[in-house]
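Per-entry structural report
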Amino acid sequence: MRRNAAKDTAFSCDCGSLHGRVTARGANTGTRVVCYCRDCRAGLLYFGQPDPAPDPVEILQMAPEEIKIDGGAEHLALMQLSPRGMLRWYARCCNAPIATTSRTPKFPFAGFIVQRMLDTSGLGPITTRGFVPQPNGKQSHEKLGPAIYGMLTRVAKSRLSGSWKETPFFDAETGDPVATPTILSKTERAALYP
Ligand SMILES: [Zn+2]
Ligand SMILES: [Zn+2]
């Protein structure tokens with residue numbers, strides 16, 4: 001599981017206005033996964049991205065504080081598929097999805113959209129596959145263990161060290177997200193689940 005990204009991995013929105021990097025530490029301690037779930041797909045469709053299906057969405061599960069925004073942070077905007085849904089962060093300038101986070105900074109978890117990175121050579125191999133369609137019509141997870149272990153380890157370290165407060169997505173003092181979420185209506189949501 002240990003990897004050795006030597007340097008930070010750059011990312012940007014499609015138009016380049018919002019840009020930053022995933023730190024080497026973030027890449028080394030993250031879990032690279034692919035997800036076939038309906039919400040990941042709906043999230044991309046909402047932002048007018050190409051439909052990933054039948055392929056999955058590639059995500060780096062990581063500590064939010066290891067995502068550094070170096071420019072254009074004012075474009076950071078927020079969407080939720082439902083009132084209790086995960087926070088889906090995107091760049092308002094060009095509708096590029098950036099990352100998904102939990103609803104509170106006190107559970108420091110981010111799923112970074114790998115598609116935002118120009119060069120993924122600093123990332124480790126894909127270890128986990130979520131919601132994989134099965135021949136019987138059901139879905140199952142492959143190698144969920146490393147993803148859960150990775151998440152719990154990162155959350156514990158982040159909480160103990162206090163580094164969770166360095167998240168770019170929340171005001172650590174108030175716990176409020178830095179953008180006001182657009183929450184989809186039932187009708188809007190239904191249109192995203194073909
Ligand atoms: Zn942009
Ligand atoms: Zn998913």
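Please refer to the structure higher up on the page.
This text gives an overview of the structure that appears in the document. Computed from a predicted structure; not experimentally measured.

Analysis parameters
- Residues numbered from 1 in each chain as written.
- Chains lettered and ligands numbered in written order.
- Predicted model: local features only at pLDDT ≥ 70, side-chain atom pairs only at ≥ 80, totals over all residues.
- Heavy atoms only, no water.
- Buried < 20%, exposed > 50% of the residue type's maximum accessible area, 1.4 Å probe, protein only.
- Helix = DSSP H or I, 4+ residues; strand = E, 2+ residues; numbered from the N terminus.
- Pairing = 2+ DSSP bridges.
- Salt bridge = Lys/Arg side-chain N within 4 Å of Asp/Glu carboxyl O.

Here strand β2 (residues 19-22) shows a buried face lined by Gly20 and Val22 and an unburied face lined by His19 and Arg21. In the sheet, strand β1 (residues 9-12) pairs with β2 via four bridges, with the strands oriented antiparallel. Along β2, the bridge assignment pairs Thr9 with Val22. Counted along the chain from β1 to the antiparallel partner β2, the turn is six residues long, and its residue Gly16 has a positive phi close to 90°. Looking at chain direction, β2 and strand β5 (residues 67-71) are connected through four bridges and run antiparallel.

Another point: the pattern of salt bridges. On inspection of all chains with the given rule, the structure shows seven salt bridges. Arg116 is the salt-bridge partner of Asp14, the closest N and O atoms lying 2.9 Å from each other. Of the two residues, Asp14 sits in the loop between β1 and β2 while Arg116 sits in the loop between β9 (110-113) and β10 (128-133), which places them 102 residues apart along the sequence. On the basis of relative accessible area, Arg116 is assigned to the buried category, the value being 3%. Between Glu58 and Arg32 there is a salt bridge, with the nearest N and O atoms lying 2.5 Å from each other. Here Glu58 is found in strand β4 (residues 57-62), whereas its partner Arg32 is found in strand β3 (residues 31-35), with 26 residues between them in sequence. On the accessibility criterion, Glu58 (24% relative accessible area) is partly exposed. On the basis of relative accessible area, Arg32 is assigned to the buried category, the value being 13%.

Here the focus is the pairing of strand β6 (residues 76-80). Of all five residues in β6, five are buried, a share of seventy percent or more. What you see with β6 is no split at all: Leu76, Leu78 and Gln80 on one side and Ala77 and Met79 on the other are buried throughout. Direction of pairing for β6 relative to strand β7 (residues 87-91): antiparallel, over a ladder of four bridges. Following the sheet pairing, Met79 is matched in β7 by Arg88. Connecting β6 to the antiparallel partner β7 that follows it, the hairpin turn spans six residues. Summarising the sheet, β6 and strand β12 (residues 182-183) pair through two bridges and their orientation is parallel. Each residue of the ladder has a partner; that of Gln80, found in β12, is Ile183.

None of this, on its own, says anything about what the molecule does.
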